[in-house]
Amino acid sequence: MRLLPPSRKNLIIIKTINKGGKKGLLKLFDKSPFLKEKNMSNNGKKNKGALPLILPAFILYSAVVAYPLLNMLYTSFFEWNGVYTTPYVFAGLKNYASFFQDESVHIALKNIVIIMVTSVVGIVPIGLFLASVIQKKFFGLRFVRVSYFLPVIINKVSVGLMFTFILYPMKGPFAQIVKLFGGNEKVNVLGNMQLAIWAVAFVLIWCNVGLHMVLYSSAMAAIPDDLTESAKLDGASRRQIFFNITLPLIGNTIQISVVLILMNAFKIYDLVVALTGGGPGNSTEVLSTILFKNAFYYGKFGYANAIGVITVLISLLITVVINGVLRACRKD
Amino acid sequence: MKRKLEKCMMLSMAACLLLGGCQQQSGGGAKESSSEAKEQITITYMSRFANEEEPDSKYYMERLAKFQEENPDIKVEDLSVVELDAYKTKLKSTVASGKPVDIFTNYGNNDIAEWVESGVVKDISDIISAEDWNGPAGDGIYESFNYSARGIDGIYGVPTKVLANMLYVNTRILDECGLKTPETWEDVLEMTPVLKENGYIPMALGAKTKGRVCHWHTLLALQMWGMEFKDDLVSGKEKWTGDKMMEVINTFKSFIDQGVFGEFAISDDATAHEARFINGEAAMMMDLSVVIPQMKSSKDYDSIKVTRMPYFKEHPENKNLWYISMGDAYSITVDKDSPKYDAVVKLLKFMTEEETYKEQNELWKGGVFPMDVEINKEGTERLMQEYMESFAKKSGGCDELDVYFEMPNTQDVVRNEMQTLFAGREPDEIAAAIQKELDNYQNNK
């Protein structure tokens with residue numbers, strides 16, 4: 001494996017120096033040791049011996065992932081009530097048309113957007129902040145790290161029950177805090193059709209910020225110390241170091257993190273069921289709960305599968321769009 | 001080191017081969033002896049009786065174990081699950097896969113309507129009308145499992161429970177506030193401000209559990225307009241947006257607005273509302289007889305009494321109409337010509353025969369069962385006695401109104417919409433939303 005020779009395109013250019021207000025190049029950092037040349041193994045020849053080795057994994061993947069997906073796609077074009085004695089009735093695109101006409105789907109899509117946007121806006125900055133805090137060594141660091149990661153591993157049903165108590169009007173801790181700040185302690189977040197979804201979004205942020213804190217922290221740890229040290233020696237402030245060195249270098253991680261946050265928010269189910277049950281009414285329904293109800297309560301398997309197919313397509317679209325947007329931002 | 005590792009691996013492989021060979025040999029031996037004995041039939045069973053903490057659950061689990069002891073030629077594969085969503089998912093998955101559970105519990109009506117129509121669930125009318133039938137019989141018992149309104153003859157389930165809502169009253173709280181047990185809803189409304197002033201919830205209700213909201217809605221509808229109203233509503237003669245139903249929903253809304261259920265009913269689920277009553281925070285609650293054993297944990301146990309629900313002064317003729325559901329009924333999916341049929345029917349009879357209810361009667365010291373059981377009043381728990389005395393005076397009743405409709409998701413639609421009464425939504429919007437769904441279903445049928 002050969003390393004690429006240093007060249008201008010391999011260099012990170014750090015802008016904005018505080019020297020008499022003049023802007024210019026501060027430092028040229030050679031990142032070539034961190035790059036590997038592509039396709040340098042076996043001189044580009046195809047390895048035929050690999051095929052039998054990947055066959056078992058391929059078979060397993062096909063059985064567990066590909067076949068159910070294809071079956072879901074197939075069934076989405078039929079009406080079927082989930083009873084084996086009932087034949088499939090071809091419905092064409094009727095299930096897909098129903099999806100766009102279904103009022104509960106409109107509510108669910110609105111809720112999903114709220115949860116996704118709130119999650120990104122909440123988790124990324126908080127995760128970055130926490131990650132930068134735990135980069136430093138201080139007394140109690142391990143405790144802080146574990147404390148913030150703990151919500152990630154707690155079962156979502158338990159989290160839902162816990163927050164039902166926390167958000168309980170008058171008696172819950174949240175109501176007491178609101179009262180402390182002069183608000184109305186009778187505030188009933190989970191019982192309010194407009195506020196309940198925001199409560200779900202907040203709880204989801206609480207559950208997941210620890211994971212992303214760890215992701216960002218690992219990425220930050222990989223940044224060479226001499227880079228930040230030399231920036232400090234040259235007079236760069238912490239803010240400048242963070243925005244001009246740290247953030248660009250962990251851009252890939254942030255990209256992955258945003259995709260993970262959006263996917264996690266998109267397929268939320270257990271937290272909604274535990275916290276609100278989709279209520280009050282159907283004000284906190286999401287696509288997963290609607291899919292579940294249509295399949296296992298109403299016996300509309302064809303429609304449920306259509307929801308599943310659209311869910312997969314939207315997930316793919318989100319991934320492509322986000323990757324494209326973030327890649328473009330990083331190039332700028 | 002490497003050689004030692006290789007030797008260890010060789011030895012462990014040899015041991016595995018040896019053990020495997022021995023087991024096969026002994027397995028073969030066992031097969032030879034079992035073929036001489038009667039062939040064991042395996043049947044699948046599924047219920048929500050899987051939690052030993054719940055007394056009735058524990059009873060049925062022990063009953064099943066007893067069946068297996070007494071019938072070593074029948075192996076029962078128990079697939080039971082407690083939680084409702086998980087239960088429905090698992091059950092529907094077995095049906096969708098083409099291997100439905102041989103015998104399972106359900107609530108009848110829309111719960112299994114499609115399976116009855118598709119022929120998955122079998123007619124058991126000849127079993128329950130046979131001379132050797134020793135289980136529930138009588139008028140009204142099988143109403144929830146009769147699909148004649150859909151043009152299907154037969155009976156499709158045997159209930160094991162009668163779930164009826166009664167009024168639990170904490171007389172200590174009422175005495176403290178200078179009040180008496182209410183007879184009518186008008187009495188309840190008069191009592192409400194007094195109870196609230198003294199810091200009590202007049203009537204506990206866990207509106208977070210949508211089903212409980214609909215139990216209330218059904219009860220109010222029955223007490224206002226009687227049993228005929230249910231039939232007219234289901235047939236379409238009465239609309240959800242019609243005057244009668246609007247009066248029911250508006251009355252329910254007025255109860256909420258006047259604080260009958262406290263300020264935060266929407267934040268409590270069914271467990272929380274029971275806890276509020278048991279802890280002495282609520283003066284009254286509507287609940288099933290199954291919670292009677294829990295009352296013993298209340299410090300106000302001696303002050304708690306059970307009676308029928310209040311009624312409307314304008315409609316005294318409906319005062320003994322109750323919300324009643326026949327629960328946890330056993331249904332079967334096995335054809336008569338299947339080799340498993342006799343075994344499944346045997347289990348069905350065992351789990352629903354008179355002895356089952358007699359044993360439960362002894363265990364709980366009373367109860368209301370889907371068949372008449374001679375009750376030894378000595379030793380019957382006080383609250384259970386009061387419950388049985390009141391229940392005996394009932395003149396009729398029905399399950400939630402939404403279970404009688406043809407549209408499969410009626411219950412979900414009605415429950416979702418009714419719950420929003422507690423979130424400030426207007427009754428006419430709710431009624432309109434429900435009627436719209438029903439109309440859409442009829443138009444697209």
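As recorded by an unreviewed UniProt entry, chain B carries the name Carbohydrate ABC transporter substrate-binding protein (CUT1 family) and is attributed to Murimonas intestini.

Per an unreviewed UniProt entry, chain A is named Raffinose/stachyose/melibiose transport system permease protein, and its organism is Murimonas intestini. According to UniProt, the comment filed for chain A under the heading Subcellular location (unreviewed entry) is "Cell membrane". Quoted verbatim from the Sequence similarities (unreviewed entry) field of the UniProt record, the comment on chain A reads "Belongs to the binding-protein-dependent transport system permease family."

### Looking at a negative patch on the surface
A surface patch of like charges, here negative, comprises Glu52(B), Glu53(B), Glu54(B) and Glu62(B). Position of Glu54(B) relative to the elements: it lies in the loop between β1 (41–46) and α2 (55–70).

### A word on the sheet that holds strand β11 (residues 396–398) of chain B
All names here are of chain B. Sheet architecture is open: three strands sit in the order β4-β9-β11, paired in mixed fashion. This sheet does not close on itself; its edge strands, each paired only once, are β4 (161–164) and β11. Here the strands of the sheet are splayed against their neighbours by 45 degrees on average, with no regard to which way each runs. Relative to β11, strand β9 (residues 321–327) runs parallel, the two sharing three bridges. Counterpart to tryptophan 322 in the pairing with β11 is glycine 397. Across the sheet, helix α8 (residues 210–235) is in contact with β9 and β11; its angle to β9 comes to roughly 110 degrees.

### Description of the UniProt feature "transmembrane region" (unreviewed entry) in chain A
All names here are of chain A. Following the UniProt record, one finds the feature "transmembrane region" (unreviewed entry) at residues 50–70, 112–134, 146–168, 195–220, 241–263 and 301–326. The span residues 146–168 is 83% helical and 0% strand by assignment, and the distance between its end C-alpha atoms comes to 27 Å. End C-alpha to end C-alpha, residues 195–220 measures 36 Å, and it is 96% helix and 0% strand.

### Some words on empty space enclosed by the protein
Taken as a whole and assessed by the stated rule, the structure comprises four cavities of 30 Å³ or more. Counted as a void, the largest cavity has a volume near 100 Å³. The wall of the largest cavity is formed by 15 residues, among which Leu190(A), Gly191(A), Lys208(B), Ile266(B) and Ser267(B) lie closest to the centre. Of the residues that constitute the lining of the largest cavity, the class distribution is seven nonpolar, seven polar and one charged.

### Comments concerning the state of the cysteines
In protein structure, a disulfide is the covalent linkage between the sulfur atoms of two cysteines. Here the structure, examined in full by the defined rule, presents zero disulfides over all chains. Cys214(B) carries a free sulfur, and the closest cysteine sulfur to it, the one in Cys398(B), is 12 Å from it.

### Some points on the nonpolar core
Residues Ile115(A), Leu128(A) and Ile268(A) are the most contacted members of the largest nonpolar core, which totals 63 residues. Of all the elements, helix α7 (residues 196–221) of chain A adds the most residues to this core, at 13 residues. Apart from residues lying up to four places away in sequence, Ile115(A) is in contact with Ile197(A), Val200(A), Ala201(A), Leu204(A), Ala265(A), Ile268(A) and Val286(A). Grouped together as the second largest cluster of nonpolar side chains are 60 residues, Tyr60(B), Phe277(B), Val306(B) and Val344(B) included.

### Let's talk about the interface of chain B and chain A
Counting from both sides, the interface comprises 31 residues of chain B and, opposite them, 35 residues of chain A. Inspection of the chain B/chain A interface yields four salt bridges. Lys436(B) is paired through a salt bridge with Glu103(A); the nearest N and O atoms lie 2.7 Å apart. Across the contact surface, chain B and chain A share 16 residue pairs in polar contact (both at pLDDT 80 or more).

### Remarks on the pairing of strand β10 (residues 329–332) of chain B
Residue and element names in this part refer to chain B. Of the two faces of β10, the one carrying Ala329 and Ser331 and the one carrying Tyr330 and Ile332 are both buried. Alignment of strand β3 (residues 103–106) against β10, held across four bridges, turns out to be antiparallel. Within the sheet, the bridge partner assigned to threonine 105 lies in β10 and is tyrosine 330.

### Observations concerning the sheet that holds β10(B)
All names here are of chain B. Taken together, the four strands give an open sheet; going across it, the order is β2-β1-β3-β10, and neighbouring strands pair in mixed fashion. With one partner strand each, in any of the chains shown, β2 (74–78) and β10 form the two edges of the open sheet. Between one strand axis and the next, the sheet turns through 25 degrees on average, direction left out of account. Pairing between β1 and β2: five bridges, direction parallel. Counterpart to isoleucine 41 in the pairing with β2 is isoleucine 74. Together, β1, β2 and β10 form the strand contacts of α2, whose direction differs from that of β2 by roughly 150 degrees. In this fold helix α11 (residues 341–352) packs onto β1, β2, β3 and β10, with an angle of close to 170 degrees to the strand it touches most, β10.

Calculation rules
Residues numbered from 1 in each chain as written. Chains lettered and ligands numbered in written order. Predicted model: local features only at pLDDT ≥ 70, side-chain atom pairs only at ≥ 80, totals over all residues. Heavy atoms only, no water. UniProt positions renumbered as here; feature names shortened; annotations may be inferred. Patch = residues over 30% accessible without salt bridge, like charges linked within 9 Å, V, L, I, M, F, W, Y side chains within 5 Å. Areas by Shrake-Rupley, 256 points an atom, 1.4 Å probe, with all protein chains shown as cover. Salt bridge = Lys/Arg side-chain N within 4 Å of Asp/Glu carboxyl O. Lys, Arg positive; Asp, Glu negative; His and termini not counted. Charge placed at Lys NZ, Arg CZ, Asp CG, Glu CD. Helix = DSSP H or I, 4+ residues; strand = E, 2+ residues; numbered from the N terminus. Pairing = 2+ DSSP bridges. Axes fitted to C-alpha atoms, helices over the stretch in contact; angles between N-to-C directions. Contact = heavy atoms within 4.5 Å. 1 Å grid on protein atoms, 1.4 Å probe; cavity = no way out; pocket = protein on both sides within 12 Å on 5 of 7 lines; lining within 4 Å. Points joined across faces, edges and corners; volume = space filled by probe spheres on them. Nonpolar A, V, L, I, M, F, W, Y, C, P; charged D, E, K, R; others polar. Disulfide = S-S within 2.5 Å. Core = buried A, V, L, I, M, F, W, Y, C linked by side-chain atoms within 4.5 Å. Buried < 20%, exposed > 50% of the residue type's maximum accessible area, 1.4 Å probe, protein only. Polar contact = N/O pair within 3.5 Å; in protein donor to acceptor, adjacent residues only side chain to side chain.

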